[in-house]
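# Topology and contacts: notes
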Amino acid sequence: MPPAGPLYGPVEVGAMLGVKPQVVINWIREGRTIPHGIDAIGRHRFTEADVSALRAALGTRRAAQSPAGDPASRRGPTQVGAGPARPVAAAPTMDPPGRWIPESRRGAMDVALAAGDLGGIRADALVLPYLASEPLTGVAAAADALLGGLLAEMRASGEASDAFPDRTIIPTFGRLPVARIAIVSLGAAAELDGYRLRNALELCGRQLKRTASRVAIALEPPVVAALGGDRAAALRGVVEGLGLANSETDADRAEPRHPGAITSVIVIGLGSADAALTEAGRQAGLLAEATNTTRRWQWRPSNRFTPTQIAAEAEAVARETGLDAHVLEPSEIAVQGMGALLAVARGSHEPPRLVVLRYRPAEGGGDTHLALVGKGITFDSGGISIKPAAGMATMKADMSGGAAVVAAMGVIAQLRPPIPVTGVVPLTENMPGGGATKPGDVVRAMNGTTVEITNTDAEGRLVLADALAYAIKLGATHLVDVATLTGAVAIALGHPVAGAMSNDRQLLEQVRRAAERAGERIWELPMFPEHDVVLESDVADIKNSAEIRAAGSINGAVFLRRFVADRPWVHLDIAGAAWNEQAGLGRLVPKGPTGVMTRTLCHLPFVVAG
C-alpha cells in the first residue's frame, strides 16, 4: 500500500518540478523513476518524498550539465512552487529529438559533372543505364570494349535483360579505373519518366552502397532524350535516385543490415557545368535528403515518435533553417475552438499538438500565401471503430503527410521561393481510451461547422478540418493538404500514385507540374455534386463518414472542402503511395516508406509563384 499522505499524478508532479506532464510520464515508462503506487484506474501516483527526490536529481543533473555562467544554465522551464523561480534541466527522454540535417550534411552527396572520358573517372563504381532495344554507346561502349565485349554479350544472351529495372553488377578486374560496373535497364524509352528513373537508380544504389561510396554514372543522349531532353531534369533524377538509396531504417537495430552510403556522384554525359546545372545538382541533394528524413520519421515506432516529439523535431527544423515556429499545446488548441482535433485526441494519454512553421521571403511575396497542411496521426488504431489487427503496425506512418510538410518546409527555407509559405501539422494519436469520442457524438470544428461522428476511424479529415481553418486564419490564400486519408485510394490507384482532388483547376495543374519535376505521380479523382449527398446528417451540419464503401476517397475530399472557405485548394490522398507493401511491386518500386510528396511540396511554391 502507498504511504499515507497526499498522492500526486504526473500533472501535479510536472507543475511542482516545472516540467510538462508528458516528461513525467516518459520518466515512468523509461524506469527513471518508480512512483509509490497505482490507483484503482491505473494511474501512477507519487508521494511528497518522491517529488523531493526528483527535484534533487534534477538539480544535480543541471549542475553537472550547465556550469556556472554557462548561458545554458539560464534557459529552460522554471520551477513552480515556493521560493524564487529557478531553471531546471530539460528532462531526458527515451529517444530525444534529433537535429535537423546539419549544414555539413545537407545534400549529403557531393555532385560533380565530368566529360565522357573513362580514364579521368575516380570512383568505386560506374553505373551505365541503357534503354531497351538500344545499343551501348559512348562511355558504355568504351567500357564494353575494355572488357572484351562482355557487356554486349550479356545483353545478347539475356543475362542482362531489357526489362525494367534489371541491373547487373560485375567486377572489372583492373581493366577499368573503377572496381565495379553496374548496367541498369531503364526499360522502353516511351515508358521512361522521372518516377521510373529514380526508382531504377535507387534500387541499384541500394546494392552499390555496400561496397561503393563514390559512384560515377554515364547518361547517354538517348536516355536524356527519353527524359524530354532537359539536362537539369535528368541531373535531378540521377542525383535524387542515387541519394534516395541512402535511406536507412536500422536505427533500432544493434547492427545495420545494409551499411554504407553513397557520398559522391560524378555525372558523365551532360556536358560542362553551368549555373543552372550546378544549382539543379545542389537542390537535388537537398530534396533527396529531405525525402529520406520523411522516410526515417515514417519508420519510427509510435512509442518513440509521439506528437510531442514530432513537434520538437519541427522546432529543430525551424532553428536550423531560420523558419518561424509555433507549437500549439492543448490549452491553445482549445482556445482556438478546434473541437474536431480535440475529439480525436480524447482517447489517448498523449497530448495533441498543432505545429506551425512559417517562411517569409525578404521582399514580402505579394498577395499569394501558400499553406501546406499535413495529417499527423502518430498512430491510428481506428479509435472506438477499431481497425483489424492485420496491418495495424504500419499505422505508425499515419503521420506521413505531416512528416512530408515538416521536411519540405526545411528545404523551402533554404531555397527561398518568392512567396510566403506556411506549414500546418495537427498531431495526435487516435486511440480507444476511456475518454475517446464515440460514434454518434457531435463535435464543433474551428470554423463553426458541427460534425456528426459516424466512424471514429475517419479521424484524419477531422484533424485536417481544424488545421485548414487555422491556415486560413493565418492568411493562407492557397491550400494544399497531404494525408494518408483513405485506404480506398490504394484500391483505386495502387501504390505508385497519389490521388488528387481539387476545387481549382489552376492550382491542381500547378501541383501536377511540381509533381512532374519531383518525379512523383498524382492522378485526379472527381468531385461531382452527387457525391455531396452521402455526407448529409440528420443531427449536425455534416457527417464525417459516408458509411458506405463507394467513392471513399472522394467522400473524404468532399468533407474537407467544407473547411477551405472557397480558397483554391488541392487535397492529396497518399494512403497508397506513402508506403509500398505490395510484394510483387517491390521489384519495380522500393519497398517500405516512400517519403512521397516531400519533393513535390518543395517545388510547389516556385511553380505557384510562376
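Higher on the page you've got the structure.
Definitions and cut-offs
- Residues numbered from 1 in each chain as written.
- Predicted model: local features only at pLDDT ≥ 70, side-chain atom pairs only at ≥ 80, totals over all residues.
- Heavy atoms only, no water.
- 1 Å grid on protein atoms, 1.4 Å probe; cavity = no way out; pocket = protein on both sides within 12 Å on 5 of 7 lines; lining within 4 Å.
- Points joined across faces, edges and corners; volume = space filled by probe spheres on them.
- Helix = DSSP H or I, 4+ residues; strand = E, 2+ residues; numbered from the N terminus.
- Nonpolar A, V, L, I, M, F, W, Y, C, P; charged D, E, K, R; others polar.
- Pairing = 2+ DSSP bridges.
- Salt bridge = Lys/Arg side-chain N within 4 Å of Asp/Glu carboxyl O.
- Buried < 20%, exposed > 50% of the residue type's maximum accessible area, 1.4 Å probe, protein only.
- Phe/Tyr/Trp six-rings, centres within 6.5 Å; stacked < 30°, edge-to-face > 60°.
- Lys NZ or Arg CZ within 6 Å of the ring centre and 35° of its normal.
- Core = buried A, V, L, I, M, F, W, Y, C linked by side-chain atoms within 4.5 Å.
- Contact = heavy atoms within 4.5 Å.
- Axes fitted to C-alpha atoms, helices over the stretch in contact; angles between N-to-C directions.

What follows concerns the layout of surface pockets. The calculated volume of the largest pocket comes to roughly 1200 Å³. As for the largest pocket, its lining consists of 39 residues, and the residues nearest its centre are Lys-387, Leu-485, Thr-486, Gly-487 and Ala-488. Of all elements in the fold, only α14 (460-473), α15 (487-493) and α17 (552-561) reach the threshold of two or more residues within the lining of the largest pocket. Considering every element that reaches the lining of the largest pocket, the biggest residue donor is α15, with four residues. In terms of residue class, the lining of the largest pocket is made up of 15 nonpolar, 14 polar and 10 charged.

Let's shift gears to the sheet that holds strand β15 (residues 450-452). Reading across from one edge, β14-β15-β19 is the order of the three strands in this open sheet, with mixed pairing throughout. Lying at the two open borders of the sheet, with one neighbouring strand each, are β14 (442-444) and β19 (542-543). Of the strand pairs in this sheet, β14 and β15 are connected by three bridges, and their pairing is antiparallel. Within β15, the residue paired with Arg-444 across the bridge is Thr-450.

All right, on to the pattern of salt bridges then. Pairing between side chains of opposite charge can happen when the charged atoms of each approach one another. Under the defined criterion, the tally for this structure stands at 24 salt bridges. With a closest N to O distance of 2.7 Å, Lys-209 and Glu-248 form a salt bridge. Of this pair, Lys-209 sits in the loop between α6 (194-208) and β7 (214-218) while Glu-248 sits in the loop between α8 (231-244) and β8 (264-268), and the two are 39 residues apart along the sequence. Overall, Lys-209 belongs to the buried group, its relative accessible area being 4%. Between Glu-547 and Lys-543 there is a salt bridge, with its nearest N and O atoms 3.2 Å apart. We classify Lys-543 as buried; its relative accessible area is 11%. In the salt-bridge network here, residues are joined through shared partners; they are Arg-198, Glu-240, Glu-520 and Arg-599.

For the coordinates displayed, the defined rule picks out three aromatic pairs. Taken together, a centroid distance of 6.2 Å and an interplanar angle of 40 degrees make the contact between Trp-297 and Phe-305 tilted. As far as burial versus exposure is concerned, Trp-297 and Phe-305 are alike and both buried. For Arg-196, the ring lying beneath its charged end belongs to Phe-164, and the centroid distance is 3.8 Å.

What follows deals with unusual backbone geometry. In the segment running from Phe-164 into Pro-165, the intervening peptide bond is cis, with an omega of -15 degrees. Along the chain, Pro-165 falls in the loop between α5 (150-157) and β5 (167-171). Despite not being glycine, Glu-547 has its phi angle at roughly 65 degrees, a positive value. The exposure class assigned to Glu-547 is exposed, which follows from its relative accessible area of 53%. At Ala-565, a residue that is not glycine, the phi angle is positive and equals roughly 55 degrees. Examined against the element boundaries, Ala-565 turns out to sit in the loop between α17 and β20 (569-573).

In this section: the pairing of β7. Within β7, four of the five residues are buried, leaving the element largely enclosed by the surrounding structure. Note: strand β4 (residues 125-130) against β7, three bridges, orientation parallel. Opposite Ala-125, over in β7, you have Val-215 as the bridge partner. Looking at chain direction, β7 and β8 are connected through five bridges and run parallel. Bridge pairing in β8 links Ile-217 to Val-267.

By size, the foremost hydrophobic cluster in this structure holds 55 residues, and its most contacted members are Leu-372, Met-409, Val-480 and Leu-572. If you tally residues by element for this core, the top one is helix α13 (residues 400-415), at 11 residues. Those residues within four positions of Leu-572 in sequence are excluded, and the remaining contacts are Val-480, Asp-481, Val-482, Ala-483, Gly-499, Ala-500, Val-511, Ile-522 and Met-597. Counting residues in each nonpolar core, the second largest holds 46 residues, with Leu-328, Leu-354, Val-356 and Val-443 among its members.

With that settled, the discussion passes to the sheet that holds β8. Spatial ordering of the open sheet is given by β3-β8-β7-β4-β6-β5, a layout of six strands whose pairing is mixed. Looking at strand neighbours, the two that pair on one side only are β3 (110-114) and β5, the edges of this open sheet. Taken over all neighbouring pairs, the strand axes of this sheet differ in orientation by 20 degrees on average, direction set aside. Relative to strand β6 (residues 180-185), β4 runs parallel, the two sharing six bridges. Residue pairing for β6: Val-127 is matched across the bridge by Ala-182. Contacting β4, β5 and β6, α5 crosses the sheet at an angle of about 145 degrees to β5.

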